[in-house]
Amino acid sequence: MWQILQQISPYAIAFAIPLLITAIGGLYSERSGVVNIGLEGLMVIGSFAAAITISVLQPIMHSQALWIGLLAAVLAGALFSLLHAFASISLQANQVISGTAINMIAGAITVFIARNVTGSGNIQINPFTRFDIPVLNEVPVVGKLLFSNTYATTWLTLFILTVAYFVLYRTVFGLRLRACGEHPQAVASAGVNVQFIRYAAVIISGACAGLGGAIILTTYSGEFNGTVFGLGFLALAALIFGQWKPLGILGATAFFGYASTIATSAQAIPALAQIPGVALKTFPYIVTLLVLVLFSKTSQPPRASGQPFDHGKR
Amino acid sequence: GCSSTQQSQAPAAGSLMVGMITDAGTIDDRSFNQGTWEGIAKAGTDFNFKPKYLRPAGTTTADYDKEIANLNDAGYKLIITPGFKFENSIYTAQEKYKDTKFVILDGVPHPGNDYSKVNIGPNTVSINFAEHESGFLAGVAAALQLKTGEFGYIGGMEIPAVQRFNWGFQQGIKYANANFGTKINIKAENFLYQGTFHDVAAGQQLAAQMYDRGVNVIFAAAGSVGIGVINEAIARTKSGRSAWVIGVDVDQYAQGYYDEGKTKSVILTSAMKCVNQAAYDMVKSVKDGNFPGGKSLVFNAKNDGVGIPAKNPNLGEDVSSKVKEVFASLKEGKLTVADKGEGLLR
Amino acid sequence: MEYVVEMLGIRKEFVGIVANDDITLAVRRGEIHALLGENGAGKSTLMNILFGLYRPDSGRIRVRGQEVRIANPKAANDLGIGMVHQHFQLVHNFTVTENIILGIEPNRCGIVNTQSASRRIKELSERYGLNVDPDAKIEDISVGMQQRVEILKMLYREAEVLIFDEPTAVLTPQEITDLIGIMKKLAAEGKAIILITHKLKEIKAAAMRCTVIRRGRYVGTVDVASCSKEEMAEMMVGRQVFLKVEKEARSPGEVLLEIKDLTVLNQTKMLAVKKFSLNVRAGEIVGIAGVDGNGQAEMVAAITGLGKIHAGQILVQGKDISSLSIKERIDAGLAHVPEDRHKRGLVLDYSIEDNLVLEVYDRPPFSKNCLLKRPAIRHYAKEIMQQFDVRAAQGAVTLARSLSGGNQQKAIIGREISLNPKVLIAVQPTRGLDVGSIEYIHRRLIAQRDAGYAVLLVSLELEEVLNLSDRIAVISQGELVGLVEADTANENDLGMMMAGIRKEAD
Amino acid sequence: MTTINWQSQKEAVILLLTILLGLVAGAGFMILTGHDWVTGYEFLFRGGLMSLERVGNTIATAVPLIFTGLSVAFAFKTGLFNIGAAGQMLIGGFCATAVGLTFDFPKPLLLTVMILTALVCGGLWAAIPGWLKAKFNVHEVVSTIMLNWIAYWLVYYLVPAYFKGSFETESRNIPVSASLRTEWLSQLFDGSYINIGIFLAIAAVLLSVFILQRTTLGFELKAVGFNQHAAEYAGINAGRSIVLSMVIAGALAGLGGMTLYCGYATNLQIGILPSQGIDGIAVALLGANSPWGVLAAALFFGLLYSGKGFMNAMTSIPPEIADTIIATIIYFAATSVLIEKGIDKVIKR
Ligand SMILES: Nc1ncnc2c1ncn2[C@@H]1O[C@H](COP(=O)(O)OP(=O)(O)OP(=O)(O)O)[C@@H](O)[C@H]1O
Ligand SMILES: Nc1ncnc2c1ncn2[C@@H]1O[C@H](COP(=O)(O)OP(=O)(O)OP(=O)(O)O)[C@@H](O)[C@H]1O
Ligand SMILES: [Mg+2]
Ligand SMILES: [Mg+2]
């Protein structure tokens with residue numbers, strides 16, 4: 001079993017990381033009071049922007065192309081999230097509906113453009129290379145588990161997680177952002193522009209989701225084809241599963257990463273091959289439901305999340 | 001290999017209207033759809049017409065019917081459809097649009113699940129490939145090149161063409177072990193069907209499992225899942241651990257580049273089936289007025305319809321020449337490969 | 001004369017209503033200035049304009065003689081204007097310090113430094129005797145303490161002008177006395193305080209001058225010391241006010257509602273109502289007096305079935321209804337005018353007629369075999385509307401949302417009384433209504449009593465309880481602290497009891 | 001009375017403007033990518049309408065959308081957001097297909113049993129999120145997404161295990177007696193694959209209108225949807241209403257699944273979460289959650305989906321333009337506040 005865990009660990013982490021970064025984005029958005037069900041679409045946008053950029057740049061430069069692609073994804077995600085911000089913050093539209101629209105637009109328009117560019121709607125690139133962290137990967141137990149076969153983007157994401165945690169809980173911006181998600185009127189009467197904070201949060205969520213989509217592309221997929229296979233929704237589930245807290249999210253995404261990797265690679269693992277596939281595949285989803293039920297009593301979503309903030313209302 | 005080398009004559013008056021409908025996956029899947037399209041496109045340049053492909057919304061018969069009607073109504077009088085899923089659609093379309101010609105690759109027109117009612121209309125050609133021979137050659141080549149080691153196979157969905165690749169591959173390994181003294185192991189746990197043609201991540205994870213367990217070569221006949229396998233092999237090779245992949249359908253060598261200069265690839269060889277050749281030939285036959293309507297054609301070693309690429313930079317000279325000999329025996333019929341899975345893994 | 005704040009000719013119009021129309025307000029340094037007006041007169045609107053939450057349609061604002069435009073609360077803060085809102089603006093899961101510094105966080109490179117802030121808050125708290133723990137979480141402290149946090153917020157911002165919008169509604173009499181003390185201390189330091197309250201007594205006790213507005217218009221500004229309560233009330237309402245409603249002597253009959261040792265838990269599983277027992281007889285109105293948040297809501301929820309009973313019993317006409325569903329309780333003769341008409345009382349997106357059959361739509365003649373019978377529903381609705389003077393632009397099919405608050409409340413009361421309930425529970429039945437509607441509803445409640453039914457009145461307005469009730473039960477911290485006859489009760493005693501001080505020998 | 005009419009007229013105007021804006025945006029995209037939008041639209045609409053057969057196909061494409069649209073709209077009326085229509089379709093459709101493949105009844109009987117099965121199974125599947133919401137306050141958005149994937153994998157393993165067709169990836173073809181297609185209807189539409197699903201769909205629209213407007217059940221469901229607190233206050237069992245509303249929504253989607261697998265298609269292919277589930281949200285949104293609106297919106301989407309292939313065959317415009325137009329329409333629908341304000345301004349003047 002230990003052997004298996006070691007073997008799948010790098011892949012589980014690779015699977016979890018885009019979820020994690022996207023869920024962090026979702027965290028910012030929801031903690032500021034805006035439900036962002038459009039994460040899926042924003043991931044697609046990010047993946048698309050990165051794919052286009054990288055496919056253009058890769059022939060003329062080497063490793064930088066991937067990083068520039070990630071940057072493009074961040075920008076594209078941020079930019080595209082403005083659509084959601086505008087509808088749900090400025091127009092006070094229903095946030096779930098606006099998010100659904102984002103998902104639909106992203107899926108359609110990226111393939112439409114990609115089709116015009118490549119003819120097929122698919123864009124292929126050369127992904128990142130994995131590497132071992134020297135010294136650390138020699139550490140017993142965790143070395144093999146965490147420091148072997150890693151992607152640079154994994155460390156980038158973990159760095160962002162740390163920063164995100166710090167910003168959320170230690171900085172002025174974070175304090176205001178969390179307050180916006182609980183009691184926006186209080187923030188407004190303290191002289192802070194709630195709309196500005198919420199815009200910023202939604203843009204951050206777009207940037208993170210865009211990055212998430214691009215990480216899928218530049219690590220294990222290598223191909224843009226107009227979808228991220230529901231991972232945006234899974235990130236949303238991880239956010240709720242993780243109780244709207246950075247470390248909770250880390251745990252939730254790690255769980256999804258391991259559960260789903262075990263499920264997919266079970267076929268090739270003799271020890272697991274006798275467990276019915278359906279049990280393995282549905283396991284993460286069933287556990288999520290159970291956890292949601294267990295937490296339902298103590299669950300504390302941001303109080304104002306999902307509610308448009310009306311300047312005039314107290 | 002299927003090098004469409006026949007040079008065409010002077011372009012004829014461009015009145016050919018040739019359309020294609022893609023199977024599950026996209027036109028640039030680097031395998032089945034793309035191969036077919038390349039054949040048609042090449043015919044397009046050679047015979048000076050502008051081909052068209054449509055991508056159906058889904059993979060049900062109704063979706064295919066719809067696109068066939070669209071092509072037909074738009075004036076496309078030769079419609080090429082790659083994939084067994086078109087069998088039911090072509091069965092009805094050949095009746096419905098009698099003055100349109102159809103080519104179905106990898107399948108035979110029939111209603112429902114009923115193979116006893118196969119009917120290849122006078123305006124239809126059904127083309128099938130001897131994937132088992134292709135897999136066989138790839139198996140022999142890989143075995144000869146590595147001599148010892150552990151081989152694995154990852155298929156997409158468990159459909160006949162994909163299965164035949166697998167069965168032929170195993171027979172090829174066994175043949176090499178028996179006749180050329182190679183010592184290649186195969187284990188049941190390393191021969192599996194992932195279950196989709198799209199799950200890139202799963203392809204990578206399964207490949208990783210196999211490589212970690214000591215598998216040296218994976219034959220991936222699995223669409224995008226295969227891309228995941230190739231990605232994993234590239235990642236390993238870059239970090240200095242060897243990992244080989246056998247490509248499928250077309251020469252996938254270029255998919256497997258792992259160096260900056262784009263010369264070295266993880267693709268050991270590819271088990272090809274000449275869909276491009278088949279598509280090209282059919283267009284040409286229409287142009288030349290000798291469309292073999294009503295026939296069922298088989299592309300196999302005999303007519304150079306399957307094989308491994310002519311150039312395999314990763315295979316040694318001696319290996320290539322030995323494979324050529326084996327290929328010749330297949331051609332002559334001295335050697336046969338079973339298209340059944342009896343006595344084999346999966 | 002030096003004014004800190006002058007609001008001149010302020011006008012503010014909402015869709016369909018002029019909330020402020022040419023209002024003038026001038027406040028001096030060091031004074032407590034009361035702002036008086038009926039519900040909906042436009043007081044909060046005016047203060048929101050001063051605080052930058054709304055922009056006036058016309059009019060000028062001068063602060064310390066300088067004409068200013070207050071675009072947002074930040075601008076107000078910068079001008080030294082602070083406000084304690086009717087509803088507290090506190091983040092429940094933040095600490096006191098975090099709440100206070102929100103918006104002006106002391107920081108280095110964007111990183112919050114709570115420690116220095118916390119120290120300063122402690123100092124301020126001690127200086128004004130506020131007794132607030134800077135590190136406590138808001139959700140863990142009492143309402144009174146929360147209000148002091150709001151005050152600290154203003155002090156921390158060094159506000160010169162302090163606005164209090166109905167600060168006493170949620171406080172016990174003792175806390176009110178303390179608050180007035182604090183306000184006086186602040187005024188003595190030279191700060192200007194604007195106090196909004198409906199309670200003339202408090203204005204008398206605290207304020208120096210008082211500006212009265214009526215229906216969005218300026219009526220006048222008076223010196224509190226030289227003006228009687230009655231005069232101020234008359235200014236406010238525009239006619240002479242009779243505080244007492246006419247009602248005949250009562251003739252109570254059998255017990256219709258019996259509450260026996262009722263114990264109820266609140267959301268956080270704490271005891272909200274403790275062994276509460278009370279009887280209401282036919283032909284009497286029993287009022288429940290108490291400061292907001294002392295278990296009234298939980299008790300009403302337990303009686304009506306909206307909340308769970310932890311222990312004890314509730315009987316209607318001798319029949320135990322404790323374990324019945326809401327529907328069965330309605331059938332058993334219980335009717336309920338809810339505290340919050342928008343949250344509970346009405347489906348705002350339903351027509352009036354649908355709202356009027358909200359509890360009876362599934363009975364004949366309004367439905368048969370699960371099919372609604374529109375004609376019967378409309379007929380019933382029209383009758384109630386006529387009987388209870390519910391005015392709506394398009395009659396029975398008008399959306400409830402488009403009704404004025406008074407008409408909405410009349411519709412609810414009409415609906416409940418039309419159920420012919422043995423027991424009517426009316427919670428805050430006149431909240432936010434104009435005088436005409438209030439009088440009408442009071443008469444209706446008394447008519448219900450005179451028809452021989454039981455009425456349980458729960459209100460935060462002591463005056464309302466005193467005027468309407470035959471007997472008054474005082475609740476404090478979920479306990480019955482006293483039960484008095486209305487004619488012998490006086491506000492002072494009730495106030496003492498509401499603060500939890502039990503009346504001796506009763 | 002007049003105001004109410006005016007209100008719904010305004011809604012209709014907003015709806016039409018939304019569609020128009022979507023089409024304009026679509027034209028914009030075509031121009032931006034260097035295509036001729038006039039011919040684009042010409043072939044798009046001709047592709048959906050130019051022959052009786054194509055009209056039939058357009059209707060057949062719309063049928064599952066009518067069901068999922070109704071499903072989402074119905075849940076919406078009770079204040080629930082049903083993203084789970086896809087999973088409910090899968091389960092309902094799978095169970096109906098299973099019945100169709102297992103029993104050898106005469107066609108009318110078999111179809112009746114299949115329809116009931118689809119209704120019941122889709123309904124039960126949706127009852128899970130309903131119950132989780134009512135009992136544990138688990139947000140239905142998350143639970144329905146999870147259940148979509150569970151349904152996906154269940155069907156993925158059940159089909160090859162018990163109903164394997166020619167290949168691992170699909171079930172056996174359903175027999176004629178289990179198909180919603182009928183000879184006379186196909187003939188009427190020149191060989192189109194239109195099927196009696198359209199009659200079921202119209203019946204479902206009528207039934208939905210009836211339930212929502214005429215019955216005490218509809219009264220309760222809408223009351224809970226508009227204001228759960230008030231509904232509870234009035235003695236309506238909100239939890240029961242939530243579960244019930246999800247059951248009805250799931251039953252509608254389940255039947256939609258049957259029309260997809262046993263009407264539009266002839267078997268059930270695994271590995272696909274039907275796109276009609278998410279499209280149903282768009283349909284419901286565009287149809288303003290009213291059953292008639294849903295019917296109209298679904299037919300419009302059916303037209304776009306059905307015509308886009310022909311447009312692609314006749315021009316070089318990628319068919320994804322249709323999805324782009326739909327997505328844009330939905331965004332405009334979400335931001336219709338702006339349009340509404342615009343209308344108000346025009347009226348004021
Ligand atoms: N945002 C708003 N939109 C529309 N109308 C409003 C708005 N805010 C207040 N009003 C209306 O303006 C009028 C004045 O309201 P305001 O809240 O200022 O009254 P008030 O004097 O503070 O009353 P109360 O004593 O109840 O606090 C009321 O009729 C109210 O309905
Ligand atoms: N026409 C309106 N349009 C929008 N909002 C309104 C309107 N009328 C009232 N409101 C909102 O409702 C709030 C309460 O208004 P109002 O005082 O008329 O109601 P109420 O029934 O007295 O409420 P409460 O009992 O809470 O005082 C207002 O502050 C305002 O925000
Ligand atoms: Mg007020
Ligand atoms: Mg009011």
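Residues numbered from 1 in each chain as written. Chains lettered and ligands numbered in written order. Predicted model: local features only at pLDDT ≥ 70, side-chain atom pairs only at ≥ 80, totals over all residues. Heavy atoms only, no water.

Student: What's the story with the overall build of chain B in this structure? I'm lost.
Tutor: Scanning chain B from N- to C-terminus turns up 9 helices and 12 strands. Relative to the compact-globule value of 20 Å for 346 residues, chain B shows a C-alpha radius of gyration of 20 Å, a close match. When the backbone C-alpha atoms are referred to their principal axes, chain B occupies close to 55 × 45 × 40 Å. Taken over 346 residues, chain B has a buried fraction of 64%. Counting contacts in chain B only where the partners sit at least 6 residues apart, residues at least 24 apart contribute 70% of the total. With an accessible surface of roughly 12100 Å², chain B has 50% of that area assigned to carbon and sulfur atoms. Of the side chains in chain B, 35 bear a positive and 35 a negative charge, and the two mean positions are spaced by 2 Å. (Helix = DSSP H or I, 4+ residues; strand = E, 2+ residues; numbered from the N terminus. Rg over C-alpha atoms; globule rule 2.2 N^0.38 Å. Buried < 20%, exposed > 50% of the residue type's maximum accessible area, 1.4 Å probe, protein only. Contact = heavy atoms within 4.5 Å. Areas by Shrake-Rupley, 256 points an atom, 1.4 Å probe, with all protein chains shown as cover. Lys, Arg positive; Asp, Glu negative; His and termini not counted. Charge placed at Lys NZ, Arg CZ, Asp CG, Glu CD.)

Student: Quick question: what am I supposed to make of the confidence of the model for chain D here?
Tutor: Residues and elements named next belong to chain D. Averaged over every residue, the pLDDT of chain D is 91; residues scoring 70 or more account for 97%. Mean pLDDT in chain D bottoms out at helix 15 (residues 336–348), which sits at 78, and peaks at helix 4 (residues 85–102), which reaches 97. As scored by the predictor, the complex reaches a pTM of 0.89 and an ipTM of 0.86. (pLDDT = per-residue confidence, 0-100.)

Student: Help me understand the packing of aromatic side chains, please; the structure alone is not making it clear to me.
Tutor: Any aromatic ring pair is given by two values, namely how distant the centres are and how the planes are angled relative to each other. The tally for this structure, following the rule as stated, stands at 47 aromatic pairs over all chains. Each ring, one from B:Phe169 and one from B:Phe191, has its centre 6.2 Å from the other, and the planes form 35°; the classification is tilted. Taken together, the residues B:Phe169 in helix 5 (residues 160–180) and B:Phe191 in strand 7 (residues 183–193) connect sequence positions 22 residues apart. The pair B:Phe169 / B:Phe191 is uniform in exposure class, with both members buried. Both rings, one in D:Tyr41 and one in D:Phe45, keep their centres 6.1 Å apart while their planes meet at 20°; by these two values the pair is stacked. Of this pair, D:Tyr41 and D:Phe45 both sit in helix 2 (residues 37–49), separated by 4 residues, roughly a single helical turn. The exposure class of D:Phe45 is partly exposed, given its relative accessible area of 26%. (Phe/Tyr/Trp six-rings, centres within 6.5 Å; stacked < 30°, edge-to-face > 60°.)

Student: Before we go on, may I ask you to explain the sheet that holds strand 14 (residues 271–281) of chain C in this structure?
Tutor: All names here are of chain C. Read from one edge to the other, the open sheet built from 4 strands follows the order 14-13-16-17, with strand pairing classed as antiparallel. Only two strands of the sheet have a single neighbouring strand rather than two, namely strand 14 and strand 17 (319–320). Sitting on the sheet, helix 9 (residues 296–304) is in contact with strand 13 (255–265), strand 14 and strand 16 (311–316), with an inclination near 120° to strand 13. (Pairing = 2+ DSSP bridges. Axes fitted to C-alpha atoms, helices over the stretch in contact; angles between N-to-C directions.)

Student: Would you mind going over helix 8 (residues 275–288) of chain B with me for this structure?
Tutor: Each α-helix turn comprises 3.6 residues. Residues three or four places apart therefore point the same way. All names here are of chain B. When the terminal C-alpha atoms of helix 8 are compared, their 20 Å separation across 14 residues agrees well with the 20 Å that a helix rising 1.5 Å per residue should span. Of all the 14 residues making up helix 8, 10 are buried; the element is thus mostly covered by neighbouring parts of the structure. Burial in helix 8 covers these residues: Val275, Asn276, Gln277, Ala278, Ala279, Tyr280, Met282, Val283, Ser285 and Val286. (Expected span 1.5 Å × (residues − 1).)

Student: Any chance you could explain a nonpolar patch on the surface here in plain terms?
Tutor: A grouping of A:Trp2, A:Leu136, A:Val139, A:Val141, A:Val142 and A:Leu146 is seen on the molecular surface, where their side chains present a nonpolar patch of about 470 Å² in accessible area. Note on placement: A:Trp2 falls in helix 1 (residues 2–31). (Patch = residues over 30% accessible without salt bridge, like charges linked within 9 Å, V, L, I, M, F, W, Y side chains within 5 Å. Salt bridge = Lys/Arg side-chain N within 4 Å of Asp/Glu carboxyl O.)

Student: Would you take a moment to explain the pairing of strand 11 (residues 209–214) of chain C for this structure?
Tutor: In summary, the side chains of a regular strand alternate between the two faces of the sheet. Residue and element names in this part refer to chain C. With 5 of 6 residues buried, strand 11 lies mostly within the body of the structure. Relative to strand 12 (residues 217–223), strand 11 runs antiparallel, the two being bridged by 6 bridges. When the bridges of strand 12 are listed, Thr211 appears paired with Thr221. Taking the residues that link successive antiparallel strands as the turn, the strand 11-strand 12 hairpin has 2 residues, and the phi of Arg215 there is positive, at about 45°.

Student: Would you mind showing me how to read the interface of chain C and chain A here?
Tutor: How big an interface is tends to be expressed through the accessible area that disappears when the partners come together. Taken residue by residue, the interface counts 29 residues in chain C and 23 residues in chain A. Carbon and sulfur atoms make up 59% of the area that chain C and chain A hide from each other, which totals about 2200 Å². When the buried surface of chain C facing chain A is broken down by residue, C:Gln89, C:His92 and C:Leu102 rank first, second and third, together holding 24% of it. A salt bridge links A:Arg176 to C:Glu105, with the shortest nitrogen-to-oxygen separation between them at 2.7 Å. Between chain C and chain A we count 10 residue pairs in polar contact (both at pLDDT 80 or more) in total. Residue assignment for the side of chain C that touches chain A shows that the elements contributing at least two residues are helix 1 (43–50), helix 2 (73–78), helix 3 (96–101) and strand 8 (111–112) of chain C. Counted by class, the side of chain C that touches chain A contains 13 nonpolar, 11 polar and 5 charged residues. (Buried area = accessible area lost by both parts, 1.4 Å probe. Polar contact = N/O pair within 3.5 Å; in protein donor to acceptor, adjacent residues only side chain to side chain. Nonpolar A, V, L, I, M, F, W, Y, C, P; charged D, E, K, R; others polar.)

Student: I would appreciate a short explanation of the site of ligand 1 in the present structure.
Tutor: Residue and element names in this part refer to chain C. As a structural note, the neighbourhood of ligand 1 is formed by 15 residues, with Gly40, Gly42, Lys43, Ser44 and Thr45 the closest of them. The contact in question runs from an oxygen atom of ligand 1 to an N or O atom on the backbone of Ala41, over 3.2 Å. Interatomic distance of 2.5 Å between a side-chain N/O atom of Thr45 and an oxygen atom of ligand 1. For ligand 1, whose accessible area on its own is 630 Å², the fraction buried by protein is 70%. Among the secondary structure elements, those contributing two or more residues to the shell around ligand 1 are strand 2 (17–28) and helix 1. Among the elements that line the shell around ligand 1, the one with the most residues is helix 1, at 3 residues. Of the residues that constitute the shell around ligand 1, the class distribution is 5 nonpolar, 7 polar and 3 charged. (Near = heavy atom within 4 Å.)

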